[in-house]
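# Architecture and fold: a report
Next come the chains, spelled out residue by residue.
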Amino acid sequence: SKWGRTSFGFEGKEERILSSALGEEFGDSVSISGTGDFYKKRADRISASFFLDQNYSKGKFTLGTGFMYSYLEGSGGGVYPGIELGYKMTKNLNVFGLINSGNPHLKPEESLSYETGVKLRNNAVNFKSAVFYREGMNIIDWVRRSDTMLWESSNITELNTAGVEFLCTFKP
């Protein structure tokens with residue numbers, strides 16, 4: 001349409017982590033395969049997110065704006081607005097960049113994922129709904145040490161996630 005493309009979606013998930021450093025102590029420790037060490041802590045949390053985006057294209061330029069409401073059990077919720085400006089180099093190539101501080105000591109993530117769902121696509125609507133389960137090892141996440149305001153990427157050990165995804169895009 002003359003106003004561009006509108007997208008919205010929802011994600012809800014329950015996350016559980018076994019760790020030697022993160023979470024609360026639990027009764028029986030769990031052996032860490034191949035190391036001789038044990039997971040002695042665990043944590044569970046529920047999170048949910050909803051987003052609404054509006055994207056407008058004119059020639060090779062794209063302007064996107066939107067917001068996400070995110071809720072994390074134990075921390076509450078917050079609204080996170082966003083804006084994006086893009087340039088399309090060719091029909092299939094968009095260029096973008098990101099600046100952050102990395103961690104040269106990270107191990108690569110490993111995971112095994114299962115997902116099933118349905119997709120519906122026609123001239124006006126693109127809809128996807130899915131359920132998923134992911135077993136993750138050496139998962140990378142942003143963490144902040146309590147004595148500094150800086151965030152850094154770090155391996156947070158094992159993280160298994162399950163959830164539901166919904167995505168719907170309208171093109172009136």
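As shown above, the structure is provided for reference.
A short tour of the structure in this document, coming up. (Residues numbered from 1 in each chain as written. Predicted model: local features only at pLDDT ≥ 70, side-chain atom pairs only at ≥ 80, totals over all residues. Heavy atoms only, no water.)

### Quick notes on the side chain of S7
- Topologically, S7 is positioned in strand 1 (residues 5-19).
- When residues no more than four places from it in sequence are discounted, the contact partners of S7 are F51, L52, D53, C168 and T169. (Helix = DSSP H or I, 4+ residues; strand = E, 2+ residues; numbered from the N terminus. Contact = heavy atoms within 4.5 Å.)

### A short note on a nonpolar patch on the surface
- Taken together, the side chains of F8, F10, F50, L52, F67, Y69, Y71, V79, F166 and F170 define a hydrophobic patch exposed on the protein surface, amounting to about 840 Å² of accessible area.
- Broken down by element, the nonpolar patch gets its largest block of residues, three residues, from strand 4 (residues 61-72).
- Along the chain, F10 falls in strand 1.
- Judged by relative accessible area, which is 37%, F10 ranks as partly exposed. (Patch = residues over 30% accessible without salt bridge, like charges linked within 9 Å, V, L, I, M, F, W, Y side chains within 5 Å. Areas by Shrake-Rupley, 256 points an atom, 1.4 Å probe, with all protein chains shown as cover. Salt bridge = Lys/Arg side-chain N within 4 Å of Asp/Glu carboxyl O. Buried < 20%, exposed > 50% of the residue type's maximum accessible area, 1.4 Å probe, protein only.)

### Focus: the pairing of strand 8 (residues 125-137)
- Judged from the 12 bridges that link them, strand 7 (residues 110-121) and strand 8 form a sheet pairing that is antiparallel. Note that in strand 8 the partner of G117 across the bridge is A130.
- Counted between consecutive antiparallel strands, the loop separating strand 7 from strand 8 contains three residues. (Pairing = 2+ DSSP bridges.)

### Describing the pairing of strand 3 (residues 38-58)
- Sheet analysis places strand 1 next to strand 3, joined by 15 bridges and oriented antiparallel. The residue of strand 3 that forms the bridge with L18 is R42.
- Sheet topology note: the strand 2 (residues 24-31)/strand 3 ladder contains four bridges and is antiparallel. Paired with V30 across the two strands is Y39, which belongs to strand 3.
- Taken together, the 12 bridges between strand 3 and strand 4 define a ladder with antiparallel strand orientation. Counterpart to L52 in the pairing with strand 4 is F67.
- Counted along the chain from strand 3 to the antiparallel partner strand 4, the turn is two residues long, and its residue G59 has a positive phi close to 65°.

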